[in-house]
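Descriptive analysis of the structure
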Amino acid sequence: MSDTSLRVVWIYPDLLSTYGDQGNVLVVERRARRRGLKVDRIDVRSDQPIPTSGDIYLIGGGEDRPQRLAAERLRRDGGLQRSVNNGAIVFSVCAGYQILGHEFVNDLGNPEPGLGLLDVVSVRGEAERCVGDVLADVDPALGLPELTGFENHQGVTHIGPGARPLATVRLGKGNGIGDGNEGAWNDTVFGTYLHGPVLARNPLVADHLLKLALDVNALPPVDDRWYDALRAERIASAAQPA
Ligand code: GLN
């Protein structure tokens with residue numbers, strides 16, 4: 001982090017922001033400010049260069065065509081790859097998650113190169129689209145409570161040896177290949193299929209990103225009653241039989 005403020009970069013709101021994923025940037029921003037941090041929020045449209053000075057980068061989901069356009073522009077730009085090589089933190093959702101991997105299948109049915117920042121490969125799922133509520137237990141290495149969110153994707157994702165599953169689903173499909181895995185992560189790069197927005201439903205994930213950015217083990221506590229009520233309500237509703 002720079003001496004003065006935390007720089008939070010929201011990548012391509014014009015292409016990748018389905019299902020309220022923009023809420024993720026609001027949650028990171030808000031939880032940082034509640035800890036007394038100054039925050040520079042930088043929204044980068046797809047015709048603008050990706051700044052390499054960011055501390056936390058957020059990418060949302062998107063439909064198949066905007067996803068291809070975003071991948072082309074991010075590859076050409078190269079800024080996100082440079083930032084990650086310099087230790088930046090990235091949190092990505094759905095289409096954004098697929099773009100961070102080595103490859104996904106684009107709207108034309110062709111393999112599209114990703115950025116190779118996460119050791120995952122996405123292909124088009126043969127089964128029906130993965131749609132619905134998700135509850136998932138997070139990798140114990142991260143020490144986070146269960147994830148709640150919802151998914152809507154056709155692509156399914158295979159994890160290579162350089163990444164770990166972010167969570168294991170108790171409800172829903174997650175990565176969609178039948179092994180119960182949901183999302184993937186390495187030290188500083190995270191991907192998930194969960195919308196919601198996922199950081200509003202799982203604010204301690206946002207805190208985890210802040211801790212990584214600040215290089216601290218703990219943050220001052222904040223009043224989470226509103227978030228806790230939302231989580232309880234979503235978890236209870238997801239657990240109801242349809
Ligand atoms: N287009 C991608 C898929 O269907 C991602 C969808 C999304 O971001 N919700 O797999």
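Note that the coordinates shown come from a computational prediction; the quantities given were computed from them, not determined experimentally. (Residues numbered from 1 in each chain as written. Predicted model: local features only at pLDDT ≥ 70, side-chain atom pairs only at ≥ 80, totals over all residues.)

Turning next to the overall build of the protein. From N to C terminus, the protein includes seven helices and 13 strands. In terms of C-alpha radius of gyration, the protein reaches 17 Å, essentially the compact-globule figure of 18 Å for 242 residues. Residues classed as buried in the protein amount to 46% of the 242 residues present. Long-range contacts, defined here as pairs at least 24 residues apart, represent 71% of the contacts in the protein between residues at least 6 apart. (Helix = DSSP H or I, 4+ residues; strand = E, 2+ residues; numbered from the N terminus. Rg over C-alpha atoms; globule rule 2.2 N^0.38 Å. Buried ≥ 20, exposed ≤ 12 C-beta atoms within 10 Å, placed from the backbone. Contact = placed C-beta atoms within 7 Å.)

Turning our eyes to something else, we now look at the sheet that holds strand 11 (residues 164–171). One open sheet accounts for nine strands, arranged 2-1-3-4-13-12-11-8-9; its pairing is mixed. The two strands at the open ends of the sheet, each matched to only one other strand, are strand 2 (39–44) and strand 9 (147–153). On average, adjacent strands in this sheet sit at an angle of 25° to one another, irrespective of strand direction. Relative to strand 2, strand 1 (residues 6–11) runs parallel, the two sharing six bridges. Residue pairing in the sheet places V9 in a bridge with I42 of strand 2. Together, strand 8 (130–138), strand 9 and strand 11 form the strand contacts of helix 7 (residues 225–239), whose direction differs from that of strand 9 by roughly 55°. (Pairing = 2+ DSSP bridges. Axes fitted to C-alpha atoms, helices over the stretch in contact; angles between N-to-C directions.)

Right, let's get into the UniProt feature "domain: CobB/CobQ-like glutamine amidotransferase" (unreviewed entry) in the protein. UniProt records the feature "domain: CobB/CobQ-like glutamine amidotransferase" (unreviewed entry) for residues 7–202 in the present numbering. For residues 7–202, the end-to-end C-alpha separation is 21 Å, with 21% helix and 35% strand making up the annotated structure. (UniProt positions renumbered as here; feature names shortened; annotations may be inferred.)

Right, let's talk about the site of the ligand for a bit. Around the ligand sit T18, G61, G62, E63, D64, Q67, C94, A95, N152, H153, Q154 and G155, and those are all the residues in its vicinity. Of all the secondary structure elements, the ones that give two or more residues to the shell around the ligand are helix 2 (64–77) and strand 9. For the shell around the ligand, the per-class residue count stands at two nonpolar, eight polar and two charged. (Near = placed C-beta within 6 Å. Nonpolar A, V, L, I, M, F, W, Y, C, P; charged D, E, K, R; others polar.)

A separate point is the UniProt feature "binding site: substrate" (unreviewed entry) in the protein. The positions UniProt marks with the feature "binding site: substrate" (unreviewed entry) are R129. Its place among the elements puts R129 in the loop between strand 7 (120–124) and strand 8. Setting aside anything within four residues of it in sequence, one finds R129 in contact with H153 and Q154.

Residue P197 follows G196 across a cis peptide bond; omega there is -10°. Within the fold, P197 resides in the loop between strand 13 (189–192) and helix 5 (198–201). Positioned with a positive phi, Y19 is a non-glycine residue whose angle comes to about 50°. Relative to the assigned elements, Y19 resides in the loop between strand 1 and helix 1 (23–33).

Let us now look at the pairing of strand 3 (residues 56–59). The alternating pattern of strand 3 places I56 and L58 and Y57 and I59 on opposite faces, both of which are buried. The pairing of strand 3 with strand 4 (residues 89–93) spans four bridges and is classified as parallel. Looking across to strand 4, one finds that I59 is bridged to S92.

In this structure, G101 sits in the loop between helix 4 (95–100) and strand 5 (103–105). For the pair G101 and S17, spaced 84 residues apart in sequence, the C-alpha to C-alpha distance is 18 Å.

Our focus in this paragraph is the environment of V222. Among the secondary structure elements, V222 is positioned in the loop between helix 6 (203–214) and helix 7. Placed 86 residues apart in sequence, V222 and A136 show a C-alpha to C-alpha distance of 24 Å. If we skip the residues at most four places from it in the chain, V222 touches R31 and R34.

For the rest of this paragraph, the subject is the pairing of strand 10 (residues 155–159). Judged by how many residues are buried, strand 10 sits mostly within the fold: four of five residues are covered. As judged from the five bridges shared by strand 7 and strand 10, these two strands associate in the antiparallel manner. In the sheet register, V120 faces strand 10, and the bridge partner there is I159.

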